[in-house]
Amino acid sequence: MKLSKQFLVTRLKSASVALLGRGEEEGKRVPAGIDPNPRPPTSSSETGRKSATLMESQDAAESPGGHQGFICASFNQDITSLSVGTKTGYRLFSVTAVDKMDCIHEGVECPDVYIVERLFSSSLVVVVSLSMPRRMNVYHFKKGTEICNYSYSNNILSVRLNRQRLVVCLEESVYIHNIKDMKLLKTLLNTPTNPSGLCALSVNHTNSYLAYPGNATIGEIIVYDANNLSTVTLIQAHDSPLAALTFNASGSRLASASEKGTVIRVFSIPEGQRLFEFRRGMKRYVSISSLSFSADAQFLCTSSNTETVHIFKLEQHSPSREEESPTWSAYVGKMFTAASTYLPTQVSDMMHQDRAFATVRLNMFGLKNICALATIQKLPRLLVASSDGYLYIYNVDPQDGGECVLVQKHRLFDSDEDLAEQKEEEKPEDALPQPANQSYAATVALPSTPPSSTTLMGYSEDGGAQRGEVIPEHEFAEGPVCLDDENEFPPVGNQSN
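All of the points below concern the structure found in this document. Nothing here was measured: the structure is a model prediction, and the numbers come from that model.

1. Structural notes on the sheet that holds strand E9 (residues 124-129)
- With antiparallel pairing, five strands are arranged side by side in an open sheet as E8-E9-E10-E11-E33. Each edge of the open sheet is held by one strand with a lone partner, namely strand E8 (113-118) and strand E33 (465-467). Taken pair by pair, the neighbouring strands of this sheet meet at an average axis angle of 20°, ignoring direction.
- Strand direction decides the pairing type here: strand E10 (residues 132-140) and strand E11 (residues 145-152), joined by six bridges, are antiparallel. In the sheet register, Val-138 faces E11, and the bridge partner there is Cys-148.

Set out below in structure tokens:
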């Protein structure tokens, strides 16, 4: 029996009514995925630092199941290390094995660390504390010494780094440093309001592409060449403001998500051409916590404030294979594709969007988390670091996908620390009440701990950043960056700070 194109068009138009509307109220059709009685949408400031760092702030600490000592977490550039910001400082973990997770270092230089970023497997770590949110400290953690510090005109919202550049993002400006000597190379002033500090930096230092929002109300992406200090392209990615950005390892692809959180798009870089479009869901809007490519850029994972982590497979569907071995399903698929041109754009787009290749159902809901794909002990794994104080490791089937299997979970805090946190919870007078749903920018600008006046001394509108004193023994080497041994970047003397 043959299906005519007219028949399919008629049937699909009927189906589109169900897709476009979940009900009628006063003669108005409600689009799919929109509640007829919607709650106020989550603001961009509440979505957190989406690409690599996750902000716990006050509301996450108060959420059921959230660990009170946890503030933030981020994976390093090659997903071999996990950095965790805590109320007492920060911790660095090795994630190169499944059965054990060694704590490489515990820093106590400053409390309440809400940004901690490690450069690959080197000893360089960048730290920003809630007590001084305008000051960035760069440490050599193996020597226990501070290399340098920089102070800025406003609160630091995110930091990104590779072997060539260090990028500091403020709400309305971006600062680009040369990581080898920490000189300020470029200041991008008056950028569109970016209250979550959303930005992404390619880990491939040969191109050092930087992506950040080009508009505060719609999902425009500016791609900037941080090596040559010039704009590359402007991408019209989404209709809603951006919530997440990430590059693949080579910097040839850029993934993005909007505040709605329903569609993930992947673009070619530097061209800005759309390559893939994935649908995370239709029924509800979510806050995307993180996006991360696998090392070979064949997979892309995303986590949100829901209990589901999605893994998408980036593969081009070859029409030649269907032509060589025609089947009934292939024929129907072609007819649906042809008929979709007659349907509303919203329905047509949904028909062309791929669904998740693999998923993980977390045993938590509403807690902030970040995810990453890594090859550990020669097998593909999904890593999920959660504000409940655990790192979860799942096996991923690269052939068949499906539901991923939990193989291990590791504590980010010791058992005795958990007991201490419980005792702290029993002292309500020690807790400082904060407004519910406090924004990220407001959280890092707590008035109870203002920056020291010396931090802003010498601030200039021209440069926008003031470099602190660099200890002479800690001057940066002029030679190539070395990351693999005791002479790793940056070399320092034996004298402590």
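2. Some thoughts on the sheet that holds strand E21 (residues 253-258)
- One open sheet holds the four strands; their spatial order is E20-E21-E22-E23, and the pairing between them is antiparallel. What marks the edges here is a single partner per strand, and that holds for strand E20 (242-247) and strand E23 (274-279). Each adjacent strand pair in this sheet contributes to an overall mean axis angle of 20°, direction not counted.

3. Side note on the environment of Ser-131
- The residue Ser-131 is located in the loop between E9 and E10 in this model.
- Only 2.8 Å separates the side chain of Ser-131 from the side chain of Ser-129, close enough to count as a polar contact.

4. Things to note about the pattern of salt bridges
- Inspection of every chain in the model, using the stated rule, returns six salt bridges.
- Of the charged contacts, one joins Arg-91 and Glu-106 as a salt bridge, the two residues approaching to 3.4 Å between their closest N and O atoms. Of this pair, Arg-91 sits in strand E6 (residues 90-94) while Glu-106 sits in strand E7 (residues 103-107), placing them 15 residues apart in sequence.
- A relative accessible area of 5% places Arg-91 in the buried class.
- The residue Arg-265 makes a salt bridge to Glu-277 at a minimum N-O spacing of 2.4 Å. Residue Arg-265 is located in strand E22 (residues 263-268), and its partner Glu-277 is located in strand E23; the two are separated by twelve residues in the primary sequence.

5. Re the nonpolar core
- By size, the foremost hydrophobic cluster in this structure holds 35 residues, and its most contacted members are Tyr-90, Met-136, Tyr-152, Ile-156, Val-159, Leu-166 and Val-168.
- The biggest single contributor to this core is E9, with five residues.
- Membership of the second largest hydrophobic core comes to 20 residues, among which are Val-84, Ile-370, Ala-385 and Leu-412.

6. Some details on the pairing of E9
- Taking burial as the measure, the six residues of E9 include six buried ones, the bulk of the element.
- Where burial is concerned, the two faces of E9 agree: the one with Leu-124, Val-126 and Val-128 and the one with Val-125, Val-127 and Ser-129 are both buried.
- The pairing of E8 with E9 spans five bridges and is classified as antiparallel. When the bridges of E9 are listed, Arg-118 appears paired with Val-125.
- Count of turn residues in the E8/E9 antiparallel hairpin: five residues, of which Phe-120 carries a positive phi of about 45°.
- With five bridges joining them, E9 and E10 adopt antiparallel strand pairing. Looking at the pairing, Leu-124 lines up with His-140 of E10.
- Count of turn residues in the E9/E10 antiparallel hairpin: two residues.

7. A closer look at unusual backbone geometry
- With an omega of 15°, the peptide bond running from Ile-269 to Pro-270 counts as cis.
- Note that Pro-270 resides in the loop between E22 and E23.
- Unlike most non-glycine residues, Asp-112 shows phi in positive territory, near 50°.
- Here Asp-112 lies in the loop between E7 and E8.
- In this structure, Leu-229 takes a positive phi of about 55° despite not being glycine.
- Within the secondary structure, Leu-229 sits in the loop between strand E18 (219-225) and strand E19 (230-238).

8. A few points about the side chain of Ser-290
- Note that Ser-290 resides in strand E24 (residues 288-293).
- We classify Ser-290 as buried; its relative accessible area is 1%.
- At 3.0 Å, the side chain of Ser-290 forms a polar contact with the backbone nitrogen of Cys-371.

Conventions we followed
- Residues numbered from 1 in each chain as written.
- Predicted model: local features only at pLDDT ≥ 70, side-chain atom pairs only at ≥ 80, totals over all residues.
- Heavy atoms only, no water.
- Pairing = 2+ DSSP bridges.
- Helix = DSSP H or I, 4+ residues; strand = E, 2+ residues; numbered from the N terminus.
- Axes fitted to C-alpha atoms, helices over the stretch in contact; angles between N-to-C directions.
- Polar contact = N/O pair within 3.5 Å; in protein donor to acceptor, adjacent residues only side chain to side chain.
- Salt bridge = Lys/Arg side-chain N within 4 Å of Asp/Glu carboxyl O.
- Buried < 20%, exposed > 50% of the residue type's maximum accessible area, 1.4 Å probe, protein only.
- Core = buried A, V, L, I, M, F, W, Y, C linked by side-chain atoms within 4.5 Å.

By themselves, these are just geometric observations and shouldn't be taken as functional.
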